[in-house]
Amino acid sequence: MSPTRRTTRRPWARRRLPGAAALALLVASGTACSNQAIDQWSRGGMPEGVTKQSDIVQTLWNGSWIAALATGVVVWGLILWACIFHRKKKNSPDQLPPQVRYNLPIEILYTVVPVIMVAVFFYFTARDETEITRISKAAPVKVAVEGYQWSWRFTTEYQGQKAVVAGVPVDLSKQSAENPQGPQLVLPVNTQVHFDLHSPDVIHSFWVPAFLFKQDVFPGNVRNQFEITTLDKTGVFVGRCAELCGTDHSKMLFSVKLVPQAEFDQYIKSQAGSAQ
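Every value quoted in this text rests on a predicted model; they were computed, and no experiment measured them. (Residues numbered from 1 in each chain as written. Predicted model: local features only at pLDDT ≥ 70, side-chain atom pairs only at ≥ 80, totals over all residues. Heavy atoms only, no water.)

Visitor: Explain the nonpolar core to me, and be specific about the residues and the numbers.
Guide: Counting residues in hydrophobic clusters, the biggest one holds 41 residues, and the most contacted among them are Trp152, Leu187, Phe195, Phe206 and Phe211. The dominant element in this core, judged by the number of residues it contributes, is strand β10 (residues 253–259), at four residues. Not counting residues up to four positions away in its chain, the partners in contact with Phe195 are Val143, Val145, Leu185, Leu187, Phe206, Phe211, Asn224, Gln225, Phe226 and Ile228. (Core = buried A, V, L, I, M, F, W, Y, C linked by side-chain atoms within 4.5 Å. Buried < 20%, exposed > 50% of the residue type's maximum accessible area, 1.4 Å probe, protein only. Helix = DSSP H or I, 4+ residues; strand = E, 2+ residues; numbered from the N terminus. Contact = heavy atoms within 4.5 Å.)

The following block contains the structure:
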């Protein structure tokens, strides 16, 4: 092998080595994150739910996306079909393609199909909304939520004991996913919880993304109620006000901590009779 060829190969190898290493690192990182990414895509970008009701919302969300994508495929297919098979002919540029105006069957189809689609969407939405907002009033844990400018007060009642947690507008500079600020609502796993929402001033909105739905908090004598059944998933989940309610709206942060039943019992005993 000539010296010239040897000198041209070595720089080529040196150039390829960093690229190969970067590619290997990318593949390794992608493999490590693949399961998490697939799980995220399977939820359509929604966070992982922690309640029985969140499973209902997730199913409705996935079904809506599937129906929307199926509709999109049909529409895109019709557009491409029209572009390909109904183009202007070179040998007869003035000739119009076949027209479908006043074609009664096709016009009926244009009307009936969208009506059926809307009716199907309405049915599943109404069915799931009815189930999510169902109230049995037999929940062992009851939480009175008071949203005020600009924080939250949680009064948890369980077996005749009460625990009250009230907050103040949080310092956003100290807020982080690992260390959420604001009042913390402690709830047990695998338990039905009844929420009673109230506001003394303006409309707020009680939103925990992990619940996959939110409820408005109305002022006056109007009370908004709902119930959830927590799953067997412990952890701390952030919450916030989702209704623009004033100057410090962005500081209306809180968190929900799901704990085992024994830890919740101990929490209630330690917090019962705390300052109101």
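That was the structure; now back to the text.
Visitor: How would you sum up the pairing of strand β3 (residues 161–166)? Please name residues and give values.
Guide: Note that strand β2 (residues 151–158) and β3 share six bridges and pair antiparallel. When the bridges of β3 are listed, Arg153 appears paired with Ala166. Once β2 ends, the chain turns through two residues before running back antiparallel as β3, passing Gln159 with a positive phi of about 50°. (Pairing = 2+ DSSP bridges.)

Visitor: Pulling in residues and values, what's your account of the sheet that holds strand β4 (residues 184–188)?
Guide: Strand order in the open sheet formed by five strands is β4-β10-β9-β6-β7, and the pairing between neighbours is mixed. Either end of the sheet is taken by a strand with one partner, and the two such strands are β4 and β7 (213–217). Averaged over all adjacent pairs, the angle separating strand axes in this sheet is 25°, with direction ignored. As paired strands, strand β6 (residues 204–208) and strand β9 (residues 235–241) are joined by two bridges and run antiparallel to one another. Each residue of the ladder has a partner; that of Phe206, found in β9, is Cys241. (Axes fitted to C-alpha atoms, helices over the stretch in contact; angles between N-to-C directions.)

Visitor: Tell me about the sheet that holds strand β5 (residues 192–198), and please be specific about residues and values.
Guide: On the basis of which strands lie adjacent, the open sheet formed by five strands has the order β3-β2-β1-β5-β8 and mixed pairing. Looking at strand neighbours, the two that pair on one side only are β3 and β8 (224–229), the edges of this open sheet. Direction aside, the axes of adjacent strands within the sheet are offset by 20° on average.

Visitor: Before we move on, can you summarise the environment of Phe237 with the specific residues and values?
Guide: Tracing the backbone through its elements, the reader meets Phe237 in strand β9. With relative accessibility at 18%, the residue Phe237 sits in the buried group. Each C-alpha atom, one on Phe237 and one on Ser255, is 5.5 Å from the other, the two residues being 18 residues apart in sequence. Setting aside chain neighbours within four positions, we find Phe237 in contact with Val50, Val208, Ala210, Ser255, Val256 and Leu258.

Visitor: Lay out unusual backbone geometry in plain terms, naming residues and giving numbers.
Guide: Glycine aside, residues mostly have negative phi angles, and peptide bonds mostly take the trans form. With an omega of 5°, the peptide bond between Gln149 and Trp150 qualifies as cis. Position of Trp150 among the secondary structure elements: in the loop between β1 (141–148) and β2. Despite not being glycine, Gln159 has its phi angle at roughly 50°, a positive value. Within the element layout of this structure, Gln159 appears in the loop between β2 and β3. Classification of Gln159 by relative accessible area gives exposed; the value is 65%.

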